[in-house]
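An overview of the molecular structure
Listed here are the chains, written in short residue letters.
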Amino acid sequence: MDEDGAAEATEPLRATPLRFRNGRYEGRGMPLAAIDDLREYQLLLQEAARAIWLERHPGSKKVPQKVIESVSLRLVAFEPGSVIPVLEREATLDLSTDFDLFLAAEARVDEAFAAIVEGRDADAVALGIDGRRLHAFGKRLTTTERVEFKRTEQQSVTYSKELRKASIKRAEKPDTQNEPKTLTYVGLLRGIETKENGGTFKLRRFGGGELGGSFDDPESFKDLKEALDLVDGSSFVRLTVRARVSDASTTIESVTQVEQFDVEDSPWRHRLRELLAYEPSDDDEIDHDPVRIEDLQQIDRLLSALPGDLATTAALGSAPGGHTFAEWTAANRLVRVQIDEDLDFKAYQKILGARPAARLHFDHVEDVSAWVQEAVAES
Amino acid sequence: MEGDDVFMRQAPTIHYDGDRVLSRAFVPRKDDFGQLSGNLMSVTSAQFASEHRAKTRPNRKPPQHVWGVSIDEATSCGVAVRDDSQQHTRTPVPPGHASLVYENFGDVEHVEDTAADLAILANNRGRLYPEAVDGTTQDDSPTLLDT
């Protein structure tokens, strides 16, 4: 800007060209019906810009209107070949910063269509552009017509009616087998190998089998390495991963969490481990949240504080919400201690036919241990 | 539905020594606000579950973590058992499925208390999972229910 605050006159910047090919685009000019796709293209750019701006301003919930308006296009001419609409960036764009939001939005839209062309619809939506908005573009293309997004001088992405139709079909009936899922695995880490930008690991799973996987960030390596160093037969890990699962294989693409589980050896230790390793099967009708490691450590403290016979006869389980409990059942009563959200002990005793049963809360393991002994002794 | 049919509910991750019953097995899931997200607990008849398992997983042993309650036991605790296959629901279920109906129970604790009673009754009855159909369960490894 000059001293008066007025924008300096600059040459209009051309947007990266789109090329429309075949069919109606072989003639002179551009069919009026296809102009709507250019308007959709601008809306796509603005949605991408909105997503980028929010990522760069994590505290903000709304994007200023002027930012959206800065990503606007002006149709100034057509070039032959078949038809290349000459789109210029509106002069309202603030170029005073190094970061060019317009270019970033263009790149993101190109990336989204590249993902759709390759059948990776979820990756396209993950870029922050609504699927319906993406599908609104190209609605007027006929079977033979194509749109090319010029990514670089050497690369371009070609979009067609068929590709758009296939993407819509996938959105209506997602192929869940191809989508990455969040899964957990429990076992002993047997090795890590680092490569550029990540690495691979091997996990010997409880329940049998060895599993290989990849990780793609230094933080995961740090956590995995720490867990590997601790492995001495008494420590094991639960890995939360993103994986693609098919009938033939499971491909772990990234590690999102590494948790170590380490309790003293005890007669119930293997049961805590089984609880942690539990994986819902097709037979499970109840939705099940993962067991919290902290819950198991609290249960371990409780069982350690109880006399041996009570500790070994406790039924251990996890409620559908993921909270772990120990339970004793006799002919006329049921005694249960459940770990609550704050890792305190919630105790409950139900006598057959009598109600209501009182719910008690204990902060200290010694207190809840004494209560359990008394309640079970009354049976 | 016959009065002595045993209906079953699978309770994931229950671990126990001997024939012990998880009362949670008969409690509908709570929502984020601590309320019951439904007042129906879907259960499956023992016979249906056994046949289904024999067809779909002939080489697998029966699950260890399945608990049963009979219609008589449920009604003695004030719980109605609804035959879901007779209902005109949006998603009809095959025969052999039913629901424990907690519609008039009012609060979550009442449901939990009643479910605990059902658990005690089922626990007292002993073994819950039915024998495999026609000997199709080929895995002879002992389960905790074989104690």
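Below or above, wherever it landed, is the structure these notes cover. (Residues numbered from 1 in each chain as written. Chains lettered and ligands numbered in written order. Predicted model: local features only at pLDDT ≥ 70, side-chain atom pairs only at ≥ 80, totals over all residues. Heavy atoms only, no water.)

**Some remarks on the overall build of chain A**
A count of helical and extended segments in chain A gives eleven helices and 15 strands. Buried positions account for 42% of the 379 residues belonging to chain A. Taking the intrachain contacts of chain A between residues at least 6 apart in sequence as the baseline, contacts between residues at least 24 apart amount to 55%. When the accessible area of chain A is evaluated, it comes to approximately 20,100 Å², of which 48% is carbon and sulfur surface. (Helix = DSSP H or I, 4+ residues; strand = E, 2+ residues; numbered from the N terminus. Buried < 20%, exposed > 50% of the residue type's maximum accessible area, 1.4 Å probe, protein only. Contact = heavy atoms within 4.5 Å. Areas by Shrake-Rupley, 256 points an atom, 1.4 Å probe, with all protein chains shown as cover.)

**Some words on the packing of aromatic side chains**
What describes a pair of aromatic rings is the distance from one ring centre to the other and the angle between the planes of the rings. Residue and element names in this part refer to chain A. According to the stated counting rule, one finds eleven aromatic pairs over all chains in the structure shown. Taken together, a centroid distance of 4.6 Å and an interplanar angle of 15° make the contact between Phe113 and Phe149 stacked. Here Phe113, found in helix 3 (residues 101-117), pairs with Phe149, found in strand 4 (residues 146-150); they are 36 residues apart in sequence, far enough to count as distant. Accessibility expressed as a relative area gives 0% for Phe113, which makes it buried. Relative to Phe221, the ring of Phe215 lies with its centre 6.2 Å away and its plane at 25°, an arrangement referred to as stacked. On the accessibility criterion, Phe215 (3% relative accessible area) is buried. You can call Phe221 partly exposed: its relative accessible area is 29%. The rings of Tyr41, Phe113, Phe137, Phe149 and Tyr159 are connected pair by pair, giving a single aromatic cluster. (Phe/Tyr/Trp six-rings, centres within 6.5 Å; stacked < 30°, edge-to-face > 60°.)

**Here's the deal with the environment of Gln338 of chain A**
Take Gln338 of chain A: it is sitting in strand 13 (residues 333-339). For Gln338 of chain A and Ala319 of chain A, which are 19 residues apart along the polypeptide, the C-alpha to C-alpha distance reads 8.9 Å.

**Regarding the packing of helix 8 (residues 269-277) of chain A against helix 9 (residues 293-305) of chain A**
Residue and element names in this part refer to chain A. The contact between helix 8 and helix 9 brings their axes to 11 Å, and the two run at 160°. Relative to helix 9, the element helix 8 lies roughly antiparallel. As for the relative orientation of helix 8 and helix 9, their crossing is right-handed in sense. Note on element contacts: helix 9 touches helix 8 through Ile293, Leu296, Ile299 and Asp300, opposite Leu272, Leu275 and Leu276. Partitioned by chemical class, the residues of the contact of helix 8 with helix 9 number six nonpolar, no polar and one charged. (Axes fitted to C-alpha atoms, helices over the stretch in contact; angles between N-to-C directions. Parallel < 35°, antiparallel > 145°, perpendicular 65-115°, else oblique. Left-handed = near helix turned anticlockwise from the far one by under 90°. Nonpolar A, V, L, I, M, F, W, Y, C, P; charged D, E, K, R; others polar.)

**Points about the nonpolar core**
Residue and element names in this part refer to chain A. Core analysis: the biggest nonpolar cluster contains 41 residues, and Tyr41, Val109, Phe113 and Phe149 have the highest contact counts within it. At the level of secondary structure, the elements contributing two or more residues to this core comprise strand 1 (18-21), helix 1 (35-56), helix 2 (65-70), strand 3 (83-89), helix 3, strand 4 and strand 5 (156-160). Top contributing element to this core by residue count: helix 3, with ten residues. If near-sequence neighbours (up to four positions away) are discounted, Val109 is found in contact with Tyr41, Leu44, Leu45, Ala48, Ile129 and Phe149. (Core = buried A, V, L, I, M, F, W, Y, C linked by side-chain atoms within 4.5 Å.)

**A look at the side chain of Glu47 of chain A**
Structurally, the position occupied by Glu47 of chain A is in helix 1. With residues up to four places along the chain from it excluded, the contact list for Glu47 of chain A reads Gly128, Ile129, Asp130 and Arg133 of chain A.

**A word on the packing of helix 9 of chain A against helix 11 (residues 365-377) of chain A**
Residues and elements named next belong to chain A. At their nearest, the axes of helix 9 and helix 11 sit 9 Å apart, and the two run at 60° to each other. Considering their axes alone, helix 9 and helix 11 lie oblique with respect to each other. The two elements helix 9 and helix 11 cross, and the hand of that crossing is right-handed. The segment helix 9 lies against helix 11, with Arg301, Leu302 and Ala305 engaging Val365, Val368, Ser369 and Gln373. Residue composition of the contact of helix 9 with helix 11, by class: four nonpolar, two polar and one charged.

**A closer look at the pairing of strand 8 (residues 210-215) of chain A**
Residues and elements named next belong to chain A. Side chains Leu211, Gly213 and Phe215 project from strand 8 onto a buried face, and the interleaved Glu210, Gly212 and Ser214 project onto a face without burial. Across six bridges, strand 7 (residues 198-205) lies against strand 8 in antiparallel orientation. Following the sheet pairing, Leu203 is matched in strand 8 by Leu211. (Pairing = 2+ DSSP bridges.)

**A word on the sheet that holds strand 11 (residues 315-318) of chain A**
Taken in spatial order, the five strands of this open sheet run 11-12-13-14-15 (chain A), and their pairing is antiparallel. With one partner strand each, in any of the chains shown, strand 11 and strand 15 (359-362) of chain A form the two edges of the open sheet. Here the average twist between neighbouring strands, direction ignored, is 25°. Two elements, strand 13 of chain A and strand 14 (residues 345-351) of chain A, share seven bridges in a ladder whose sense is antiparallel. Of the residues in strand 14 of chain A, the one forming a bridge with Gln338 of chain A is Lys346 of chain A. Sitting on the sheet, helix 3 (residues 108-125) of chain B touches strand 12 (324-329), strand 13, strand 14 and strand 15 of chain A, and the angle it makes with strand 14 of chain A is about 60°.

**Quick look at helix 3 of chain B**
Count 3.6 residues to each turn of an α-helix, and residues three or four apart come out pointing the same way. Residue and element names in this part refer to chain B. Across its 18 residues, helix 3 extends 26 Å between first and last C-alpha, which sits within 8% of the 26 Å expected from 1.5 Å per residue. Counting buried positions along helix 3 gives 14 out of 18 residues, so the element sits mostly inside the fold. Here helix 3 starts with a cap whose side-chain oxygen sits 3.2 Å from the backbone nitrogen of Glu109, and that cap is Asp107. (Expected span 1.5 Å × (residues − 1). Polar contact = N/O pair within 3.5 Å; in protein donor to acceptor, adjacent residues only side chain to side chain.)

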